[in-house]
Amino acid sequence: MNIRNQLCIGGKWCDASDGKTFEVLNPVTNETITAVQSASEADMNRAIENSRQAFDEVWSKTTPFERSALLHKLAEAVESNAAFLAQVETDDVGKPIFESTNIDVASAGVTLHYFADICVEVLGGVKASPYSEVFDYTLREPLGVVGAIIPWNFPFLIAARKSGSALAAGNTMVLKPASWAPLSTILFGALANEAGLPPGVLNVVPAPGPTAGKVFTENPDLEEITFTGSTAVGIGLYGRCSTGLKGCTLELGSKGAGLVMPDCAMDETVAGTLFGAYLNQGECCCALTRLIVHEDVYDEFVAKFIEGTKAIQVGPPAAEDTRLGPLVHPDHLKVVLDYVEAGKAEGATLACGGGRITDGDMAKGNYIEPAVFTDVTPDMKIWKEEIFGPVVTVTKAGSIDEMVALGNDTEYGLASSVWTNDLRLAHTIAPRIRAGTVWFNLHNFVFPSAPYPTRGSSGVGFELGKEGVLALTRIKNVMVSLFPGGFAWY
Ligand code: NAD
């Protein structure tokens, strides 16, 4: 398998019709890896037309068992190319190879196998009937062509989630990779071909975001949009979908909290919250960004968390022992560094990190020291806004009620965690946390069988789980007369 930089439509590779390209940078050096073909509106419309034809003529006629077998083959194609895919993801995103191997690519394989298994469970059901002579049941039918737009932080894994669930439900898909990190997603086209998916079932079309947004919302042959990315772009898409009554699932930004309770298991909590805060350089939608710590354990926990932050191995992502690589793009590095300045200007205490790393070769890349701010209050920008980098805020609280109120003090609502050994506290607090997911003594665990719901400015609808597949179907109700001799009223 080799890197690809073209559009994959109908199982064939092609250039953009207007010859436009965009550059993809390696975050380690900010040098160009390759120039990728950038689809025009005409190319995107052609991809949708091709996917529509594949849906009407081929995919909608397959049985769930046939779809299941093909999705298992796609998962196997991922597994047999795993080392190469992990390398591409690391070169493109900057994430440590340890992570792209053990999380991104490994989870993508598991995800596709899961959706392959789920194919045969996308079923309606028999409904209770008030008439013994009327039999009623529902069918679950695919929507048609689904358009997917994905972000740069977990591109391969998110591509696997979106395509796996949509195809399992019987839809075809046009997949738009992220512009800063498109390479592993483009390879999905090659994997689909290798696995023997019928041409057009999964078209991969790198394009500028606004072009994809315009075509996906306006082309009537595309039935549904599934978007993962920033809240601002998601809101714009949602508005345009509503005018055409087009379905739209949005997985957006967040500002997750970690509530450190007085009875927590201290060392486990430090290790778990470090993973929550710094996985993927903190460029995680569900990252632990705001630590809210009970005053009884504040001093000990904060000292250990800062010590743990300072000990993280920052370095070139290709090195096996690196646990924090460069940020994805120089523009994003600037955004994160500006937040560090804002935190200092607003009066928070920068307890460690926050500077750009310019030692040796690292000067060429987008490296930043992971940062911890203490004395953070809810009026500050670094408390309210998603930073999307390795910057964590710490706030002290005097009671559990105050901790819950602070945790919920955000417009977002994707995922938060609570760190406690008290079973009764855990189960009474879970319903009070305003988030789609609540973890206990864990953070940043997402897997395909568990739904991943959203609340507030974190999105609309949800993905994953059997529920996520059913959300990509429509229900048809079927009613059958069993009246002997038919039903006669007049
Ligand atoms: P982004 O919104 O800038 O881009 C996401 C995708 O949208 C990219 O493919 C981009 O090209 C495209 N896009 C840009 N403008 C568009 C437009 N006008 N119409 C349609 N598409 C457009 O986000 P990003 O910087 O790539 O990703 C970071 C954001 O994604 C963060 O806010 C993060 O929290 C969020 N995210 C959420 C989840 C989740 O599951 N909730 C997962 C990962 C990332």
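Residues numbered from 1 in each chain as written. Predicted model: local features only at pLDDT ≥ 70, side-chain atom pairs only at ≥ 80, totals over all residues. Heavy atoms only, no water.

> Got a sec to walk through helix H4 (residues 97–118)? Specific residues and values, please.
Counted at 1.5 Å a residue, the expected span for H4 with its 22 residues is 32 Å, and the 30 Å between its end C-alpha atoms agrees. At Ala106, H4 is bent by approximately 25°, the largest bend along its length. (Helix = DSSP H or I, 4+ residues; strand = E, 2+ residues; numbered from the N terminus. Expected span 1.5 Å × (residues − 1). Bend = angle between axes of the 7 residues up to and from the residue.)

> With reference to specific residues and values, describe the pattern of salt bridges.
Scanning the entire structure with this criterion turns up 15 salt bridges. Where Glu41 meets Lys214, a salt bridge forms, and the shortest distance between an N and an O atom there is 3.5 Å. Placement of the pair is Glu41 in helix H1 (residues 41–57) and Lys214 in helix H7 (residues 209–218), with a sequence separation of 173 residues. In this structure, Asp401 and Arg432 form a salt bridge, with 3.0 Å as the shortest nitrogen-oxygen distance. Of the two residues, Asp401 is situated in helix H13 (residues 400–407) and Arg432 in the loop between helix H14 (423–429) and strand E18 (437–440); the sequence distance between them amounts to 31 residues. Under the relative-accessibility criterion, Arg432 is labelled partly exposed at 40%. (Salt bridge = Lys/Arg side-chain N within 4 Å of Asp/Glu carboxyl O. Buried < 20%, exposed > 50% of the residue type's maximum accessible area, 1.4 Å probe, protein only.)

> Explain H13 to me, and be specific about the residues and the numbers.
The set of residues buried in H13 consists of Met403, Val404, Leu406 and Gly407. Buried residues of H13 fall within an arc of 165° about the axis and therefore sit on the same side. Buried-residue contacts for H13 involve strand E12 (256–260), strand E13 (288–294), helix H12 (381–384), strand E16 (391–397) and H14. (Arc of directions from axis to C-beta. Contact = heavy atoms within 4.5 Å.)

> How would you summarise the environment of Pro220 if you had to cite specific residues and measurements?
Here Pro220 is to be found in the loop between H7 and strand E10 (222–228). The sequence separation of Pro220 and Ala160 amounts to 60 residues, and the corresponding C-alpha distance is 25 Å.

> Describe the site of the ligand, and please don't skip the residues or the numbers.
The immediate surroundings of the ligand are formed by 26 residues, with Ile150, Lys176, Ser230, Leu252 and Glu386 found nearest. Trp152 is positioned with one of its side-chain polar atoms (N or O) 2.8 Å from an oxygen atom of the ligand. Take Leu252: an N or O atom from its main chain is 2.8 Å from a nitrogen atom of the ligand. The fraction of the free accessible surface of the ligand (840 Å²) that becomes covered by protein chains is 85%. For the shell around the ligand, the secondary-structure elements that each account for two or more residues are H7 and E10. By residue number, the principal contributor to the shell around the ligand is H7, which donates three residues. Broken down by class, the residue content of the shell around the ligand amounts to 15 nonpolar, eight polar and three charged. (Near = heavy atom within 4 Å. Polar contact = N/O pair within 3.5 Å; in protein donor to acceptor, adjacent residues only side chain to side chain. Areas by Shrake-Rupley, 256 points an atom, 1.4 Å probe, with all protein chains shown as cover. Nonpolar A, V, L, I, M, F, W, Y, C, P; charged D, E, K, R; others polar.)

> Which residues make up the side chain of Glu89, and what are the values?
Checked against the element boundaries, Glu89 lands in helix H3 (residues 82–93). Of the side chains with opposite charge, Lys95 lies nearest to the buried Glu89, which makes no salt bridge, at 5.1 Å. Reaching out from Glu89, the side chain makes a polar contact with the side chain of Ser184 at a distance of 2.6 Å. With residues near it in sequence (within four places) discarded, Glu89 still touches Gly94, Lys95, Ser100, Asp104, Phe154, Pro155, Phe156 and Ser184. (Lys, Arg positive; Asp, Glu negative; His and termini not counted.)

> Go over the environment of Arg52, please, and point to the residues and values.
If you trace the backbone, Arg52 turns up in helix H1. Using a relative accessible area of 16% as the deciding quantity, one classes Arg52 as buried. Setting aside anything within four residues of it in sequence, one finds Arg52 in contact with Gly144, Val145, Asp221 and Glu223. Only 3.1 Å separates the side chain of Arg52 from the side chain of Glu223, close enough to count as a polar contact.

> Talk me through the sheet that holds E16; I want residue IDs and the actual numbers.
Spatial strand order, E14-E15-E16-E13-E12-E17-E18: seven strands in an open sheet with mixed pairing. Edge positions in the open sheet fall to strand E14 (349–352) and E18, since each of these has one partner strand only. Mean inter-strand twist for the sheet, computed between neighbouring axes without regard to direction, equals 25°. The pairing of strand E15 (residues 371–374) with E16 spans three bridges and is parallel. Bridge assignment links Ala371 to a residue of E16, and that residue is Val391. (Pairing = 2+ DSSP bridges. Axes fitted to C-alpha atoms, helices over the stretch in contact; angles between N-to-C directions.)

> Can you explain the side chain of His332? Please cite residues and give values.
Within the secondary structure, His332 sits in helix H11 (residues 330–345). In contact with His332, other than residues within four places in its own chain, are Trp152, Trp180, Glu283, Leu327, Ile387 and Phe388.

> Describe in detail the pairing of E18, supporting the description with residues and values.
Every second residue of E18 is oriented toward a common face, the buried set being Thr437 and Trp439 and the non-buried set Val438 and Phe440. Sheet topology note: the strand E17 (residues 415–419)/E18 ladder contains four bridges and is parallel. Bridge pairing links Ala415 to Thr437 in E18.

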